[in-house]
Each structure stands twice: as structure tokens, then as C-alpha cells.
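Summary of structural features
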Amino acid sequence: MTVEYLKKAGARPAGEDPDTRDVVAAMLAELDQGGEQVLRAYSRRLDDWDPESFVVDEQQVRAAEAALPTTLRDDIVFAHRQVRAFADRQRESLVDFELELHPGLLVGQRHLPVAAAGCYVPGGRYAHISSAAMSIATAKAAGVPTIVACS
């Protein structure tokens with residue numbers, strides 16, 4: 001009997017390639033040792049970008065927001081409100097409880113946010129504002145005190 005494939009997996013993603021893992025591991029080790037100086041070198045070499053700072057300050061955020069067309073800004077605000085409303089309701093559904101199974105034997109669950117969240121917001125070919133809303137708004141709804149977003 002001949003096997004006929006209706007669907008086949010494509011090539012393995014680059015992340016599964018041992019060469020890619022080795023290159024990334026070497027880059028991370030360099031960054032760990034050299035810090036921002038190495039980051040700047042990679043930024044210049046890979047992105048042809050050498051900003052004054054890699055941190056976007058509040059003034060830059062406000063300027064970028066002001067430059068958006070009103071309809072786009074309204075759409076982003078609407079999407080953010082939807083995501084946040086769902087995340088808030090989802091958090092409310094996680095109920096802490098305590099139960100005494102026998103005298104002195106307490107069991108239960110308590111939901112605590114992690115101390116920090118790193119949110120990756122993809123750029124390039126797959127840049128979607130929803131990635132930021134779904135990761136950052138969800139972390140905020142969970143009560144994470146420190147949230148860092150990178151792109």
C-alpha cells in the first residue's frame with residue numbers, strides 16, 4: 001500500500017538547528033560579559049541602529065502616540081480594553097481558598113503574581129500590536145509589579 005501524506009511538516013525552525021543554538025549561546029555569553037557595549041555593537045552590526053538609549057522614555061511614547069492616526073489609536077485602545085477586561089475577569093476566577101482537612105491540617109491554594117515579567121513584542125515581519133496587549137495587559141491584570149517589554 002502506498003502512503004499518501006495529506007499534510008507534511010515543513011523544515012525545522014531555526015531554533016531547533018544546533019548551529020543556531022550555538023550562535024545564540026555565544027551571543028548571550030558575550031552580552032553577559034560585555035553588557036551594553038556588546039549590545040551596541042550587535043545593534044550596529046545587525047540592525048544598523050545606534051540609539052542614544054535602548055530604553056524608550058515617556059516623552060518618546062507620548063510623541064509616537066500623538067503621531068498615530070486617530071482611528072488607529074482608537075482601535076488600539078479598544079483592543080487593549082478588551083484584552084484587559086478578559087484578563088481581569090480571568091484573574092477574578094482564580095479563587096484562593098483554605099481548608100482544614102483534619103484539626104491542624106490546613107491545605108489550600110493562593111495565587112500570587114510573579115515578581116517580574118519579561119514581555120517580548122515581536123517586530124519585523126510578524127509585528128502585531130496584539131502581542132503587546134496580550135502579554136503586558138495580562139501581566140498587569142495578574143498584579144505583576146515589574147513588567148519589561150522588549151522588541
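Before any of the text, the structure's been laid out above.
Here is a short report on the structure shown in this document. From a predicted model like this one, the values you see are computed outputs, not experimental measurements.

Considering the pairing of strand β3 (residues 116-120)
- Covered by surrounding structure in β3 are A117 and C119 only, the residues A116, G118 and Y120 on the alternate face being uncovered.
- As defined by bridge partners, β3 adjoins strand β4 (residues 146-150) across 5 bridges and the pair is classed as parallel. Paired with Y120 across the strands is C150, a residue of β4.
- In this view, the connection linking β3 to its parallel neighbour β4 by way of helix α4 (residues 129-142) has right-handed handedness.

Regarding the packing of helix α3 (residues 70-92) against α4
- The interhelical angle for the contact between α3 and α4, taken along N-to-C directions, is 35°, at an axis separation of 9 Å. Pair α3 / α4 crosses with right-handed handedness. Between α3 and α4, the residues in contact are I76, H80, V83, R84, A87, D88 and R91 and I129, A133, M134, A137, T138, K140, A141 and A142, respectively.
- Classifying every residue of the contact of α3 with α4 gives 9 nonpolar, 2 polar and 4 charged.

Points about a nonpolar patch on the surface
- A cluster of nonpolar side chains, contributed by F97, L99, L101, L105 and V107, occupies part of the molecular surface with about 420 Å² of accessible area.
- The set of elements that each furnish at least two residues to the nonpolar patch consists of β1 (97-102) and β2 (105-109).
- Looking at the nonpolar patch, the element that brings in the most residues is β1, giving 3 residues.
- Along the chain, F97 falls in strand β1.
- Given a relative accessible area of 45%, F97 falls into the partly exposed group.

Cut-off values and rules
Residues numbered from 1 in each chain as written. Predicted model: local features only at pLDDT ≥ 70, side-chain atom pairs only at ≥ 80, totals over all residues. Heavy atoms only, no water. Buried < 20%, exposed > 50% of the residue type's maximum accessible area, 1.4 Å probe, protein only. Helix = DSSP H or I, 4+ residues; strand = E, 2+ residues; numbered from the N terminus. Pairing = 2+ DSSP bridges. Right-handed = clockwise from strand over helix to strand, strands pointing away. Axes fitted to C-alpha atoms, helices over the stretch in contact; angles between N-to-C directions. Left-handed = near helix turned anticlockwise from the far one by under 90°. Contact = heavy atoms within 4.5 Å. Nonpolar A, V, L, I, M, F, W, Y, C, P; charged D, E, K, R; others polar. Patch = residues over 30% accessible without salt bridge, like charges linked within 9 Å, V, L, I, M, F, W, Y side chains within 5 Å. Areas by Shrake-Rupley, 256 points an atom, 1.4 Å probe, with all protein chains shown as cover. Salt bridge = Lys/Arg side-chain N within 4 Å of Asp/Glu carboxyl O.

These figures capture arrangement, not role.
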